[in-house]
Amino acid sequence: LNNTPNPHQSKSPLHNMGSTISSSMGDAMERNQKSMSKLQEKNMKKGQERMRRVMMAQQMALARDRFQWMSGVYSVILTGVTARCIHSRTSPPPQAIVPLIVAGTVIAWHWDMAYGTKMNRINTEMAKITQDTRYWFVPIDAPFLEENEEERA
């Protein structure tokens, strides 16, 4: 718009040198900010993965405790029904058989979760689901999944 030269602007080589230094410093600062941002994101993901593992360990401990309590109660009830049948020399009543079978199935499921291979099967199925995009309404970020796989290896 105004092409008249500004008398206060210097065209000396020192002025150009200062702008070169400041632009290179600006570039360096921008690179540092990007690398710091990447490092913060990586550390955040590591922290989230650590929290996920701690929560999984807590859930496993809870499943084991639940199994121990349920199997203890089931053992007491089964012992009582068996003692009653031996004492009265009769078969167990049908009202006792069905709950014992159902409770036995539930306890077997909890044992598999707490001490068996159920968690391995769940993790295998989770990996299949996360890799197949047709299961997702919102896709999972592929680089995030690859980073987690690299960290687990």
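For the structure itself, consult the block above.
Residues numbered from 1 in each chain as written. Predicted model: local features only at pLDDT ≥ 70, side-chain atom pairs only at ≥ 80, totals over all residues. Heavy atoms only, no water.

1. A few points about the packing of helix α2 (residues 94–114) against helix α3 (residues 118–131)
Point 1. For the pair α2 and α3, the least separation of the axes is 6 Å and the interaxial angle reads 70°. With respect to α3, the element α2 is oriented roughly perpendicular. Between α2 and α3, the contacting residues are W109, D112 and M113 on the first element and K118, M119, R121 and I122 on the second.
Point 2. Across the contact of α2 with α3, the residue classes tally to four nonpolar, no polar and three charged. (Axes fitted to C-alpha atoms, helices over the stretch in contact; angles between N-to-C directions. Helix = DSSP H or I, 4+ residues; strand = E, 2+ residues; numbered from the N terminus. Parallel < 35°, antiparallel > 145°, perpendicular 65-115°, else oblique. Contact = heavy atoms within 4.5 Å. Nonpolar A, V, L, I, M, F, W, Y, C, P; charged D, E, K, R; others polar.)

2. Section: unusual backbone geometry
Point 1. Residue R89 is not a glycine yet carries a positive backbone phi of 55°.
Point 2. Here R89 is to be found in the loop between α1 (13–88) and α2.

3. Considerations on the nonpolar core
Point 1. M60, A63, F67, I107, M113, A114 and M119 form the largest nonpolar core, which has seven residues in total.
Point 2. Only α1 and α2 provide two or more residues apiece to this core.
Point 3. In this structure M60 touches M113, A114 and M119, once residues within four positions along its chain are discounted. (Core = buried A, V, L, I, M, F, W, Y, C linked by side-chain atoms within 4.5 Å. Buried < 20%, exposed > 50% of the residue type's maximum accessible area, 1.4 Å probe, protein only.)

4. Quick look at the packing of aromatic side chains
Pairs of aromatic rings are described using the distance from one ring centre to the other and the angle between the two planes.
Point 1. For the structure shown, the criterion picks out one aromatic pair.
Point 2. With a centroid separation of 5.8 Å and an interplanar angle of 75°, the aromatic rings of F67 and Y115 are classed as edge-to-face. Here F67 is found in helix α1, whereas its partner Y115 is found in the loop between α2 and α3, with 48 residues between them in sequence. (Phe/Tyr/Trp six-rings, centres within 6.5 Å; stacked < 30°, edge-to-face > 60°.)

5. A look at a nonpolar patch on the surface
Point 1. A grouping of W69, V73 and I77 is seen on the molecular surface, where their side chains present a nonpolar patch of about 340 Å² in accessible area.
Point 2. Along the chain, I77 turns up in helix α1.
Point 3. The class of I77 is partly exposed, set by a relative accessible area of 45%. (Patch = residues over 30% accessible without salt bridge, like charges linked within 9 Å, V, L, I, M, F, W, Y side chains within 5 Å. Areas by Shrake-Rupley, 256 points an atom, 1.4 Å probe, with all protein chains shown as cover. Salt bridge = Lys/Arg side-chain N within 4 Å of Asp/Glu carboxyl O.)

6. Examining the pattern of salt bridges
Point 1. Within the structure shown, the criterion is met by five salt bridges.
Point 2. A salt bridge links E41 to K45; the nearest nitrogen and oxygen atoms lie 3.2 Å apart. You can see E41 and its partner K45 sitting in helix α1, four residues apart, about one turn around the helix.
Point 3. With its nearest N and O atoms 2.9 Å apart, the salt bridge here joins E49 to R52. Taken together, the residues E49 and R52, both in helix α1 and three residues apart, mark about one turn of the helix.
Point 4. Residues joined by salt bridges that share partners form a network here, namely E49, R52 and R53.

7. A few points about the environment of K118
Point 1. Mapped onto the elements of the fold, K118 is located in helix α3.
Point 2. If sequence neighbours within four positions are ignored, K118 has contacts with W109, D112 and M113.

8. Brief notes about the side chain of H110
Point 1. Of note, H110 is situated in helix α2.
Point 2. Those residues within four positions of H110 in sequence are excluded, and the remaining contacts are R66, F67 and M70.

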